[in-house]
Amino acid sequence: MMKVIKQAGGALFLACMLQGCMTVASISVSQIPVAAARKHKISASASNVTVLLIPFGSSFPERARGDLLSQCQGGKIEGLLSKHQVTDYFLGLFFVNEVVMEGYCLHNQAKG
Amino acid sequence: MPLSIRLLSAMLFVLSSSCAHSIHQLYVGSMDPKVSYAQGQWVTAEAKTTVVLSFEFDTSYVEQAYRELESKCPGRLAQVTTEHLTSFLFLSYEQKVVLKGLCVKAALASEKH
Amino acid sequence: MVIMKSFVGPLIVLSLLFSTMNACTYTAAVSQTNIPIQRNKPVEATVHKFIFLGFNFDNDEVYQLVEKLKTQCPDGQVRGILTQDMRTMYLLFFFWARDTVAKGYCVSSKAVATNDADFNVDTEQSPARAEIDYKESTLKLQSEADGVVK
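What counts, and where the lines are drawn
Residues numbered from 1 in each chain as written. Chains lettered and ligands numbered in written order. Predicted model: local features only at pLDDT ≥ 70, side-chain atom pairs only at ≥ 80, totals over all residues. Helix = DSSP H or I, 4+ residues; strand = E, 2+ residues; numbered from the N terminus. Buried ≥ 20, exposed ≤ 12 C-beta atoms within 10 Å, placed from the backbone. Contact = placed C-beta atoms within 7 Å. Core = buried A, V, L, I, M, F, W, Y, C linked by C-beta atoms within 7 Å. Arc of directions from axis to C-beta. Nonpolar A, V, L, I, M, F, W, Y, C, P; charged D, E, K, R; others polar. Pairing = 2+ DSSP bridges. Axes fitted to C-alpha atoms, helices over the stretch in contact; angles between N-to-C directions.

K.L.:
Describe the overall build of chain B, and please don't skip the residues or the numbers.
P.N.:
From N to C terminus, chain B includes 3 helices and 4 strands. Ordering the α and β elements of chain B from the N terminus gives α-β-β-α-β-β-α. In chain B, which comprises 113 residues, the share counted as buried stands at 24%. Look at the contacts in chain B between residues 6 or more apart in sequence, and 77% of them connect residues 24 or more apart.

K.L.:
Which residues make up the nonpolar core, and what values go with them?
P.N.:
Formed by 37 residues in total, the largest nonpolar core has its most connected members in M101(A), A65(B), Y66(B), L77(B) and L99(B). The set of elements that each furnish at least two residues to this core consists of β1 (21-29), α2 (60-70), β4 (75-89) and β5 (94-107) of chain A together with α2 (61-71), β3 (76-89) and β4 (92-104) of chain B. For this core, the element with the most residues is β5(A), which contributes 7 residues. Ignoring anything within four residues of it in the chain, the contact list for L77(B) reads Q31(A), I32(A), L69(B), G101(B), L102(B) and C103(B). Grouped together as the second largest cluster of nonpolar side chains are 8 residues, A45(C), V78(C), Y105(C) and C106(C) included.

K.L.:
I'd like to hear about α2(A), residue by residue, with values.
P.N.:
All names here are of chain A. Of all the positions in α2, only F60, P61, A64, R65 and L68 are classed as buried. On an axial view of α2, the arc spanned by its buried residues comes to 135°, and they lie on one face. For α2, the exposed residues lying more than 90 degrees away from the buried face are G66 and S70.

K.L.:
Describe the interface of chain A and chain C, and please don't skip the residues or the numbers.
P.N.:
Contact residues are listed per partner, giving 33 residues for chain A and 27 residues for chain C. Of all elements in the fold, only β1, β3 (54-55), α2, β4 and β5 of chain A reach the threshold of two or more residues within the side of chain A that touches chain C. A total of 7 residues in the side of chain A that touches chain C trace back to one element, the largest contributor, which is β4(A). For the side of chain A that touches chain C, the class distribution of residues is 17 nonpolar, 12 polar and 4 charged.

K.L.:
Go over the sheet that holds β1(A), please, and point to the residues and values.
P.N.:
Residues and elements named next belong to chain A. Taken in spatial order, the 5 strands make up an open sheet running β1-β4-β5-β2-β3, and their pairing is antiparallel. At either end of the open sheet lies a strand with only one pairing partner, and these are β1 and β3. When β1 meets β4, the two strands line up antiparallel, connected through 8 bridges. The residue bridging S26 from the neighbouring strand is H84, located in β4. Contacts from α2 reach β2 (41-51), β4 and β5, with the element oriented near 155° to β2.

Distances and angles like these do not, on their own, reveal function.
Shown next, in the form of structure tokens:
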């Protein structure tokens, strides 16, 4: 019985080490357009890794925004949800900072 | 009863009684110009996830709250307020997102233009 | 296995030493507001605060961000603001700096009015729309007045 518990515990520990434990660091939501305008959904994400407390850049929010903008040229973006999350691997020795942005691209009605 | 056992019992009581709550973030979004608070009604959406032993593999509850908020308002949602909270339970905790927005009806929006 | 052990230990120690002696920047929070069409004039503002041994008594420096952005866009509105809150750790984490960066786009008042009026999905009555409504109502009143005179 003890052996089974130990194995199960070991498997769970290994799963957590490899899959990574996530934490939501911050969230923001901007004004959401009317339902009729929620047609063209766009999303983007970017991340930076930190290994043994050494971060490899912190430009990920700007990269995510750049990606989002490239998906909505000539339009404005509303209903923006931004989610900043941190995923820990190997007891936090390695972690990934990621931002996920999604919103609606609105094009000028007059221009079609 | 030794002091260590008493302390341990007190800690166990605190951990199991769900008496600790914390708020991580409160974000108040922008308000649309020339929209008054009397023009709409406040709608709220919330989503949560229970994390056991700090093993959290999914953060989709954030998007879930967003979808719920959207579904509750056919009009425009102005000044969306975001709250991110944690309630501590026995060897686990609950992560919660509460979104609140001013729903301005679609009819009202089209009337304006 | 023995070789791995002999490498991993010093590697971890060296990495920890490197990270604690150098300035490492970590992101604490990110937020983003609605993004406008007119994105040809980016504006950026940063505030910085140095903290020793964690002694911090206020966060008032953040308010300077608004003023800094306003001075860069005197004749318009700043929209599409991406805010990033960061911590930079120095020397065994005894010192740290808090940097808050806000990046947005300066949209001219005229463009704001036109942009908002063109989108029939907005709720706000834009200045351009308000002007049209005003002109229409003025013409209506004038034609009614003309009718009375006739």
